Amino acid sequence: MSSHQASHLRNVLMSRSAQFRQLEEERMVQRQQEEEERLRRQKEEEENRKRDEAEQEARRRRQEEETIRRINEFLARLAEREGERPATEEVVEEMKDSAFKLKVDSEEICAICQDGMRKGEKVIPFPCPAEHQFHEDCMFQFLAHGSSCPLCRHQVEHDTPVDEHALLGILQLLFT
Ligand SMILES: [Zn+2]
Ligand SMILES: [Zn+2]
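Owing to the predicted nature of the structure, the values given are computational and were not obtained by experimental measurement.

## Description of the overall build of the protein chain
Argument step 1. Within the protein chain one finds four helices and three strands.
Argument step 2. Secondary structure elements in the protein chain, listed N-terminal to C-terminal, are α-α-β-β-β-α-α.

Written out as structure tokens, the structure is:
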């Protein structure tokens, strides 16, 4: 190989190696860009997720406030009913036992909060002939104020409290 050929070969090799290095650098830059893009997208997704969560939370809170407002409205109307009195503890306890989870969406709405009763929500049938159903939570709010069915006004059975005074009178009559 002449010195001229050798020099040519060296030049070719050097230029190849320079090309190779350049290619490597370009690849590295590309990988960096891809990584940056991936991180940017990740951050964007994270921000979107946080925003969605905040929106959902706000919506949930608005719904809750709306439900409370409706219940209070209902209770205010209830307060106008004559002779309405809170349910006794026994009645409340008994009704707790009759609560159950809906297996399918109900076709009825809960007359207390005016909202639908959906699959998976706990409801309580009122001990009225029609067994009108209400959300468990709504029912308990209601029972603190009233003891007749919010829909048909059927009065839940109360044990008549023992009239101690009258009983004493009878005993006195018997033993004197
Ligand atoms: Zn309800
Ligand atoms: Zn009823």
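Let us keep going from here.
## Details of helix α3 (residues 136–143)
Argument step 1. Judged by how many residues are buried, α3 sits mostly within the fold: six of eight residues are covered.
Argument step 2. Turning to α3, its buried residues are Glu136, Cys138, Met139, Gln141, Phe142 and Leu143.
Argument step 3. On its buried face, α3 sits against α1 (3–79), α2 (89–97), β2 (122–125) and β3 (133–135).

## Overview of the nonpolar core
One recurring pattern in soluble globular proteins: nonpolar side chains tend to sit buried together.
Argument step 1. The biggest cluster of nonpolar side chains holds 17 residues, and the ones touching the most others in it are Cys110, Ile112, Phe134, Cys138 and Met139.
Argument step 2. The biggest single contributor to this core is α3, with four residues.

## With respect to unusual backbone geometry
Most peptide bonds take the trans form, and the phi angle of most residues other than glycine is negative.
Argument step 1. One non-glycine residue, Gln114, lies in positive phi territory at about 65°.
Argument step 2. With respect to the helices, strands and loops of the structure, Gln114 is situated in the loop between β1 (100–101) and β2.
Argument step 3. A positive phi is found at Arg153, a non-glycine position, where the angle reads about 65°.
Argument step 4. Overall, Arg153 belongs to the exposed group, with 11 C-beta atoms counted inside 10 Å.

## Observations concerning the sheet that holds β2
Argument step 1. Across the sheet, three strands lie side by side as β1-β2-β3; this open sheet has antiparallel pairing. The open sheet has two edge strands, β1 and β3, and neither has a second partner.
Argument step 2. Pairing geometry for β1 and β2, over two bridges, is antiparallel. Within β2, the residue paired with Lys101 across the bridge is Lys122.
Argument step 3. Here α3 sits on the sheet in contact with β2 and β3, set at roughly 95° to β3.

## Some points on the pairing of β2
Argument step 1. The sheet contact formed by β2 and β3 spans three bridges and is antiparallel. From the neighbouring strand, Val123 faces β3, where its bridge partner is His135.

Scoring rules and cut-offs
Residues numbered from 1 in each chain as written. Chains lettered and ligands numbered in written order. Predicted model: local features only at pLDDT ≥ 70, side-chain atom pairs only at ≥ 80, totals over all residues. Helix = DSSP H or I, 4+ residues; strand = E, 2+ residues; numbered from the N terminus. Buried ≥ 20, exposed ≤ 12 C-beta atoms within 10 Å, placed from the backbone. Contact = placed C-beta atoms within 7 Å. Core = buried A, V, L, I, M, F, W, Y, C linked by C-beta atoms within 7 Å. Pairing = 2+ DSSP bridges. Axes fitted to C-alpha atoms, helices over the stretch in contact; angles between N-to-C directions.

By themselves, these observations are geometric and do not establish any function.
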